[in-house]
Amino acid sequence: MDIYQFASDGVISTPELGRLGLGPNEIRRALRAGRLRRLIRGWYAVWPPDLPVAPWDGANGRAREQNQHRLLVRALVRQFDGRVVASHQSALLLHGAPLYALDLSRAQLTRTQDDHSRHRALAHIHPAVDFPTSTSPDGVPCVHPAVAAVQVGLGPGEQAVGVMPSLVAADWLLQTRAISMLDLSAAIGLFASCPGITAVRAQLACADGRHESVGETRLAAILRALGLRFRPQVAHVVDGQRTRVDFELDGERVIIEFDGLGKYRVDAADGQDEGLAMRRAFAAEKRRQDALTALGYEFVRVLWSDLDRPWFIAAKIQAARALAQQRTGA
């Protein structure tokens with residue numbers, strides 16, 4: 001019998017392996033052969049033979065970390081057998097939400113019934129919350145994604161990292177319609193007495209599903225902090241085709257674009273050089289900017305590295321506003 005056929009959520013326990021006839025020696029051999037990977041005491045991840053790479057591996061360090069975290073969470077949820085659900089960044093990861101500045105070294109779990117918390121080497125277990133639970137796309141019990149979005153802004157105790165992780169998650173969840181603003185408001189209400197909720201509430205009041213990337217979410221927060229009024233994802237017609245810009249200042253002909261590389265990532269056609277496809281994408285973006293500039297708009301392009309320099313962004317925007325005013329004679 002193949003182990004993977006009896007694994008649930010990609011993980012299997014020592015007693016389950018025992019029922020398949022695998023004792024300590026056989027488990028050790030399976031570990032050495034790479035068929036199993038130990039997650040926590042008594043629980044293992046299984047490598048199905050039809051997968052080209054192990055489920056705990058990945059294309060880079062971050063992908064490996066995320067894959068291993070998913071397996072760890074699945075093992076712990078199964079070990080606690082209905083007494084906990086995935087929460088915080090663990091739940092967001094299982095739901096496919098982007099994680100910004102969040103630690104994955106420990107699983108984050110929330111109890112389903114009692115108010116006790118517990119620290120383990122690989123897990124932080126939080127008190128239950130009075131909110132309907134959900135299930136991740138691959139079937140793992142989780143807190144409601146709106147609750148998880150709030151939780152990461154409050155942080156698991158000593159690991160608090162600020163409110164931006166909450167906003168990044170909330171924007172994506174709204175964009176994908178996994179939650180509504182009513183869900184978010186109700187989730188915030190659960191933590192009304194928790195330290196840090198004031199800042200989380202203020203930031204999540206600005207959550208907007210029109211932001212299409214982590215970079216856009218961070219840039220929008222900076223624009224608000226600079227006191228600027230703007231609209232995201234504004235539609236224009238260029239050369240007879242409808243296009244959208246990331247941000248446009250209210251009442252001013254200033255367009256602000258977040259220049260993440262994903263904007264230029266295109267699928268090369270069969271036999272087409274990927275570099276050529278990228279150059280064509282850059283050329284198309286240049287033509288679009290030239291057409292909008294001809295209509296009197298000034299462009300501000302913001303890179304990921306600029307997001308840590310709000311003063312630099314402010315200076316670029318101020319220069320663009322001055323040029324736009326000169327164009328219009330205002």
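Report follows, based on the coordinates. (Residues numbered from 1 in each chain as written. Predicted model: local features only at pLDDT ≥ 70, side-chain atom pairs only at ≥ 80, totals over all residues. Heavy atoms only, no water.)

## Things to note about unusual backbone geometry
(1) Moving on: The backbone of Asp81 sits at a positive phi, close to 50°, despite the residue not being glycine.
(2) Moving on: Tracing the backbone shows Asp81 in the loop between helix 3 (61–80) and strand 4 (84–86).
(3) Moving on: The backbone phi angle of Ala101 is positive, close to 55°, even though this residue is not glycine.
(4) Moving on: Mapped onto the secondary structure, Ala101 falls in the loop between helix 4 (88–95) and strand 5 (107–111).
(5) Moving on: Of the residues examined, Ala101 reaches a relative accessible area of 46% and is grouped as partly exposed. (Helix = DSSP H or I, 4+ residues; strand = E, 2+ residues; numbered from the N terminus. Buried < 20%, exposed > 50% of the residue type's maximum accessible area, 1.4 Å probe, protein only.)

## Points about the nonpolar core
(1) Moving on: Of all hydrophobic cores here, the largest spans 58 residues; its most connected members are Leu76, Leu92, Leu109, Val150, Leu184 and Leu204.
(2) Moving on: With near-sequence residues (within four places) excluded, Val150 lies in contact with Ser166, Leu184, Ala187, Ile188, Phe191, Ile197, Val200 and Leu204.
(3) Moving on: Judged by nonpolar contacts, the second largest core, of 18 residues, contains Phe230, Phe247, Phe258 and Val302. (Core = buried A, V, L, I, M, F, W, Y, C linked by side-chain atoms within 4.5 Å. Contact = heavy atoms within 4.5 Å.)

## Focus: the pairing of strand 13 (residues 298–302)
(1) Moving on: When you tally the buried positions in strand 13, you get five out of five residues, the bulk of the element.
(2) Moving on: Burial of strand 13 is two-sided: the residues Glu298, Val300 and Val302 facing one way and the residues Phe299 and Arg301 facing the other way are all buried.
(3) Moving on: Pairing between strand 12 (residues 254–258) and strand 13: five bridges, direction parallel. In the sheet register, Ile255 faces strand 13, and the bridge partner there is Phe299. (Pairing = 2+ DSSP bridges.)

## Notes on the environment of Ala186
(1) Moving on: Along the chain, Ala186 turns up in helix 7 (residues 181–190).
(2) Moving on: On a C-alpha basis, the gap between Ala186 and Val147 in space is 8.6 Å, while along the polypeptide they are 39 residues apart.

## A closer look at the sheet that holds strand 12
(1) Moving on: On the basis of which strands lie adjacent, the open sheet formed by four strands has the order 10-11-12-13 and mixed pairing. Looking along the sheet, the strands with just one partner apiece sit at the ends: strand 10 (230–238) and strand 13. The sheet shows a mean angle of 45° between the axes of neighbouring strands, direction not considered.
(2) Moving on: Where helix 11 (residues 310–328) meets the sheet, it contacts strand 11 (241–249), strand 12 and strand 13, and its direction lies at approximately 170° from that of strand 13. (Axes fitted to C-alpha atoms, helices over the stretch in contact; angles between N-to-C directions.)

## A short note on helix 6 (residues 164–175)
(1) Moving on: For helix 6, spanning 12 residues, the distance from its first C-alpha to its last is 16 Å, which sits close to the expected 16 Å at 1.5 Å a residue.
(2) Moving on: Of all the 12 residues making up helix 6, 10 are buried; the element is thus mostly covered by neighbouring parts of the structure.
(3) Moving on: Every buried residue of helix 6 is listed here: Met164, Pro165, Ser166, Leu167, Val168, Ala169, Ala170, Asp171, Leu173 and Leu174.
(4) Moving on: Lining the buried residues of helix 6 we find helix 4, helix 5 (145–154), helix 7, helix 8 (197–204) and helix 9 (214–225).
(5) Moving on: Just downstream of helix 6, Arg177 is the residue with a positive phi angle, here 60°. (Expected span 1.5 Å × (residues − 1).)

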